[in-house]
Every structure is written in C-alpha cells, then in structure tokens.
Amino acid sequence: MARITASVYTSHVPAIGAAIDLKKTGEAYWQPLFKGYEYSKQWMKENTPDVIFLVYNDHATAFSLDMIPTFAIGTAAEFAPADEGWGPRPVPKVIGHPELASHIAQSVIQDDFDLTIVNKMDVDHGLTVPLSLMCGEPEAWPCAVIPFAVNVVQYPVPSGRRCFQLGQAIRRAVASYDDDLKVQIWGTGGMSHQLQGARAGLINAEWDNCFLDRLIDDPAGLSEMPHIEYVREAGSEGIELVMWLIARGAMADIDGGPRPNVKHRFFHVPASNTAVGHLILENN
C-alpha cells in the first residue's frame, strides 16, 4: 500500500523564486537563506518520493475573489507554471498523479471533508518556490506532484483544528491506496509577515520559533490556536501557517505511531519582508 514517508514545511516567498530565476542566490543578502536549504536538497535526492502532496495557497491566479474554494485538489495529469504578471517562472511543468489524487478525493470526501475537484489549473509561486528550494533547477521535477490549494486569502478561512483533522484524513486515504507508493506531504506558506496596513513588515521571530517547537512536540495543542492569535502575533499573512497543520496531521504519530525524526530545522529573517521557516520530519 502507499505510505507517507515524510513531511516537509517551508515558506514560499515569491522573492525567493525571483532570486533563483535571476541567478542572485550567491549575493550576500540571499546566501544565508539558500545555505539553509543545502541539506534539504541533498536529503531530497536521497529520499525522492514517488509523489509529493503539496499543500499551498493560490495567489489569485487559478482562483480569484469571484470564487475561492476552501480546499481544492488538483487531479489533472499536468499543471503549467502560472503567469503572475511578469510571465511564468522558468521552471518545469508539474506532472500530476491523477489516480492517487482521485483516490484521495474519494476517500477524504467520504470522510466528511468537502473538497473542490480541479481538473485544470495553473500553479503559482506558492507551489513552485518550495519545489525549487528542495529540488534546485532540474530539467524536470523528480516526481509527481498533487497540488492541494487552501483558502487563506479570503475570510472565513479554515481553522487550524480543521486543517489538522484533514491531514489525518489524507493519511488514511494514502494508506488505503493499493499501489506501493512513497508519498511526502508538504505544508507551505508563512511564517510571520504582514504585507499591508499599519503593521506592514511585521516579523515575530520569537513566536515563529515557538510555533516550530509546538509543531514538532505538541501539534494537537497547536491546532487549537485561534485565528486571532495568528493575526495578532504573526501578521495578517501569518494565517498561512494553518496549512502546515495539514502536513503535520498526516504523520504517523498522530495516529499512535512513533514520533517522527527531525531531520532538519532552519529559520531565517528576512527574505524580502517575510520570516522563513523550514522543517523536515521523517516517519519511523
């Protein structure tokens, strides 16, 4: 049967993608950030899965204020990089896994989570930047990717508790798939940042690192954190961190298995106007 082997957590700052695409990774400003992902790229080469289930949020490319699904799963065979106003990023197209994606949709919907099925969409920096950070600049991404978009743009957004429970349902769905597949689940977005208003530029490194501690050691308790705390402590865009709880909820220890191994932890400020956090957890 299929199994989730690891979870990966990372910010998806658009300026990181621009730094990669414009060959600025060696500049003094960017060097410390990319150094924090050197281990991750080697780990990825040594632990390449068959499929990545990648949780991210769309930034008004596939969806708009006209229609924003709370949870949307991409079931297509491929997904093109989106044009976010200055042309698509020069990265490979994303190859999907329609069979596993459709199976997860069937299982999760029968588990009482309402998903939107998306058979055609482009994917923006929320998805492609994490792939670039973990995989470098290959001719093709090293495995299939299932995009899973979460609305953290237009209120009301899903609670941390709901996201954590959804991760558990995804784990059950993967485990019930007949083919012997290695699956990683990635939670992306965050960390603390605010892009507008009187607090624009807010970064709260102490709170971010506490979040990482709790994500590792107390994910169930962390899932009960109310939205107002994310906004107050991590800024208006800090709410993206609820997506990390989907990935954490899919790990084996949440269902009575052993604690995951912390393979890598990294934190850096700032990248553009955002705090960058990164974790790799392996199932035992």
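Source: prediction; values computed, not measured.

Student: Requested: an account of the side chain of H278, with residues and values cited.
Tutor: Within the fold, H278 resides in strand β10 (residues 274–282). Among the residues examined, H278 registers a relative accessible area of 0% and is labelled buried. Within the local environment of H278, its side chain forms a polar contact with the backbone oxygen of Y9, the two atoms lying 2.8 Å apart. Within the local environment of H278, its side chain forms a polar contact with the side chain of S40, the two groups lying 2.6 Å apart.

Student: If you had to explain the environment of Y155 to someone new, which residues and values would you point to?
Tutor: Within the fold, Y155 resides in the loop between β7 (144–150) and α6 (160–175). Under the relative-accessibility criterion, Y155 is labelled partly exposed at 42%. Remark: the alpha-carbon pair of Y155 and V123, spanning 32 residues in sequence, is separated by 21 Å. When neighbours within four sequence positions are excluded, Y155 is seen to be in contact with H227, V231 and I239.

Student: Describe the sheet that holds strand β9 (residues 261–271), and please don't skip the residues or the numbers.
Tutor: The strand order across the open sheet built from eight strands is β6-β3-β7-β2-β8-β1-β10-β9, with neighbouring strands paired in mixed fashion. Taken across any chain shown, the strands that pair with only one partner, and hence form the sheet edges, are β6 (116–118) and β9. Ignoring which end each strand starts from, the neighbouring axes of this sheet average 20° apart. Of the strand pairs in this sheet, strand β3 (residues 71–74) and β6 are connected by three bridges, and their pairing is parallel. Residue pairing for β6: G74 is matched across the bridge by V118. Where helix α3 (residues 38–46) meets the sheet, it contacts β1 (3–10), β2 (51–56), β8 (182–188), β9 and β10, and its direction lies at approximately 35° from that of β10. Lying on the sheet, helix α10 (residues 242–249) is in contact with β1, β2, β3, β7, β8 and β10; it crosses β8 at an angle near 160°.

Student: I'd love a proper account of the layout of surface pockets, names of residues and values included.
Tutor: In this model, the largest pocket occupies a volume close to 330 Å³. Each residue belonging to the lining of the largest pocket can be placed in one class, and the counts come to eight nonpolar, ten polar and two charged. Space inside the second largest pocket adds up to approximately 230 Å³. Surrounding the second largest pocket, 14 residues form its lining, I20, T25, F34, K41 and E137 being those nearest its centre. Secondary structure elements with two or more residues in the lining of the second largest pocket: α2 (31–35), α3 and α5 (125–135).

Thresholds applied
- Residues numbered from 1 in each chain as written.
- Predicted model: local features only at pLDDT ≥ 70, side-chain atom pairs only at ≥ 80, totals over all residues.
- Heavy atoms only, no water.
- Helix = DSSP H or I, 4+ residues; strand = E, 2+ residues; numbered from the N terminus.
- Buried < 20%, exposed > 50% of the residue type's maximum accessible area, 1.4 Å probe, protein only.
- Polar contact = N/O pair within 3.5 Å; in protein donor to acceptor, adjacent residues only side chain to side chain.
- Contact = heavy atoms within 4.5 Å.
- Pairing = 2+ DSSP bridges.
- Axes fitted to C-alpha atoms, helices over the stretch in contact; angles between N-to-C directions.
- 1 Å grid on protein atoms, 1.4 Å probe; cavity = no way out; pocket = protein on both sides within 12 Å on 5 of 7 lines; lining within 4 Å.
- Points joined across faces, edges and corners; volume = space filled by probe spheres on them.
- Nonpolar A, V, L, I, M, F, W, Y, C, P; charged D, E, K, R; others polar.

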